[in-house]
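Analysis of the macromolecular model
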Amino acid sequence: MIPLNLLNFFISDVRDGLGPFLAVFLQQNHWEVDQIGWVMTISGLTGMIITAPISTLADIIHTKRAIIIISALIIILACCLNYYYPFFYVTLSTQILTAIAGAAIPPAINAITLGLVGQKGFDHQLGRNESYNHGGNACSAMMTGIFSYYFGLKAVFALMVIWTILSIITIQFIRPEKIDYKAARGLNETQKDPRPISDLLKNTHLLVLAITVTLFHLANAAMLPLLSQAMVARGTAGNAGTYTALTIIIAQMTMIPMALLASQMAQTKGYKSIFIFALIALPIRGLLAGMIQHPFILIPVQMLDGIGAGLMGVAVPGLTAKILSGSGRINSGIGIIMTVQGIGASLSPSIAGIIAKHYHYNMAFLALSLIAVIGLCFWLVANNSNSPYKIS
């Protein structure tokens, strides 16, 4: 599984695009905070619309590697255009392209993983996928922090292109004949046809998971870019690129052991306890970021981000695969979850940006924390012992 692990390492920084570095880059190009939020929201909504069809495509077609290669090439083009022409409509267009490409990569990787290891090996490999993913993000952020200190934020764009090229090279070592295309979509040997995709929309367990994930990302998505923007606005961040890189490094280094721990817990205790711990970490993170303004608050805040995201990254696809096992629609189901996740994540920057502009950054963090608490409460109520929606 070395090629798959390395693919997750290199593709990690690619599939998320420029992330919080874009917000700082645009801020330095004299963009208003609400303009940044709107660009992120519109591009996020575009990615949300395309996620479900692309995920279904990952179930249907055999050329799953091609999905990743084409997406990587799109991201290279978008990155170059965004750097040389940081104007509203150009940036909006490049972010829409990045969102489409980024939405295509995770279901393709999940399908390849299932095809290589099968359902029985999925829990273990899922944790390894996430740990290598976070390791790649941490390594990229370290390099970005160092090079942006000496060369400015243009280093972020250069490293993005390099990481994307390495992803394209690495995927060539995953041989297509090693992928079981029946297992890749969640069918076992005795099943011939997948269930109708309409069955996914009637699955109440999937619905409960989808609503909870939406609330989580509505609260979570804006916290990291908002933290960087808040410190830059207060003049306490020092070098903006280095500070933003540190926020990512701390989170990603925490996510690595969390993903491995989640993989072990999933094999012994199941995914539900992992999911609850992830939900609990988020409101605590928002409260700390909103109440303490010292720049070093990024350490506990981003460690909590690492705990929440590290556990969530394993729990969500794992729970989805468990709910839809045998349906032949696992990647389509993950696509539905990613779609509603995209709704929350794309709306989050706009909501936080509007609150930050009119009521200050602290109130934005507290509002996001409240949303996180609502998500936690919904999950606990839906999964209590008497609930008909409880996931077994």
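Above this text sits the structure in question.
Description of the structure in this document. Here the structure is a predicted model, which is why all the values come from computation and not from measurement.

Each value, and the rule that gives it
- Residues numbered from 1 in each chain as written.
- Predicted model: local features only at pLDDT ≥ 70, side-chain atom pairs only at ≥ 80, totals over all residues.
- Heavy atoms only, no water.
- Helix = DSSP H or I, 4+ residues; strand = E, 2+ residues; numbered from the N terminus.
- Rg over C-alpha atoms; globule rule 2.2 N^0.38 Å.
- Buried < 20%, exposed > 50% of the residue type's maximum accessible area, 1.4 Å probe, protein only.
- Contact = heavy atoms within 4.5 Å.
- Salt bridge = Lys/Arg side-chain N within 4 Å of Asp/Glu carboxyl O.
- Axes fitted to C-alpha atoms, helices over the stretch in contact; angles between N-to-C directions.
- Left-handed = near helix turned anticlockwise from the far one by under 90°.
- Nonpolar A, V, L, I, M, F, W, Y, C, P; charged D, E, K, R; others polar.
- Parallel < 35°, antiparallel > 145°, perpendicular 65-115°, else oblique.
- Expected span 1.5 Å × (residues − 1).
- Core = buried A, V, L, I, M, F, W, Y, C linked by side-chain atoms within 4.5 Å.

**A word on the overall build of the protein chain**
Helix and strand content of the protein chain: 14 helices and 0 strands. Order of helices (α) and strands (β) in the protein chain, N terminus to C terminus: α-α-α-α-α-α-α-α-α-α-α-α-α-α. Against the compact-globule benchmark of 21 Å for 392 residues, the protein chain has a radius of gyration of 20 Å, which places it among compact chains. Viewed in the frame of its principal axes, the protein chain has a C-alpha envelope of about 60 × 50 × 35 Å. Counting across all 392 residues of the protein chain, residues that qualify as buried make up 59%. For the protein chain, long-range pairs separated by at least 24 residues make up 84% of all intrachain contacts whose partners lie at least 6 apart in sequence.

**Examining the pattern of salt bridges**
Inspection of the entire model under this criterion finds 2 salt bridges. One salt bridge in this structure joins Arg 175 and Glu 177, with 3.9 Å as the shortest N-O distance. Here Asp 305 and Arg 285 are joined by a salt bridge, their closest N and O atoms 3.4 Å apart. Residue Asp 305 is located in helix H12 (residues 298-323), and its partner Arg 285 is located in helix H11 (residues 272-291); the two are separated by 20 residues in the primary sequence.

**A short note on the packing of helix H5 (residues 88-151) against helix H6 (residues 154-171)**
Contact geometry of H5 with H6 gives a least axis separation of 8 Å together with a crossing angle of 145°. Of the two elements, H5 crosses H6, and the hand of that crossing is right-handed. Seen from H5, the contacting residues are Gly 136, Cys 139, Ser 140, Met 143, Thr 144, Phe 147, Ser 148 and Phe 151; seen from H6, they are Lys 154, Ala 155, Val 156, Leu 159 and Trp 163. For the contact of H5 with H6, the per-class residue count stands at 8 nonpolar, 4 polar and 1 charged.

**Focus on the packing of helix H8 (residues 204-220) against H12**
Helices that pack against each other are described as a pair by the angle of their axes relative to one another and the distance between those axes. At their nearest, the axes of H8 and H12 sit 11 Å apart, and the two run at 160° to each other. When the axis of H8 is compared with that of H12, the two are roughly antiparallel. Seen from above, H8 lies across H12 with left-handed handedness. Here His 205, Leu 206, Leu 209, Val 213, Phe 216 and Asn 220 of H8 lie close against H12, whose contacting residues are Asp 305, Gly 308, Met 312, Val 316, Leu 319, Thr 320 and Ile 323. For the contact of H8 with H12, the residue count by class is 8 nonpolar, 4 polar and 1 charged.

**Looking at helix H4 (residues 64-84)**
Between the first and last C-alpha of H4 there are 32 Å, a value that for 21 residues agrees with the 30 Å anticipated at 1.5 Å per step. Listed as buried for H4 are Lys 64, Arg 65, Ile 67, Ile 68, Ser 71, Ala 72, Ile 75, Ile 76, Ala 78, Cys 79 and Asn 82.

**Describing the nonpolar core**
In terms of nonpolar packing, the biggest core is built from 61 residues, with Leu 209, Leu 226, Tyr 271, Ile 274 and Phe 275 touching the most fellow members. Going through the elements one at a time, H5, H8, helix H9 (223-234), helix H10 (240-268), H11, H12, helix H13 (330-359) and helix H14 (361-382) are the ones with two or more residues in this core. The leading source of residues in this core is H12, at 10 residues. Among all residues touching Leu 209, those that are not within four sequence positions of it are Phe 275, Val 316, Leu 319, Thr 320, Ile 323, Ile 337 and Trp 379. In terms of nonpolar packing, the next biggest core, distinct from the first, is built from 43 residues, Ala 101, Ile 112, Trp 163 and Ile 179 among them.

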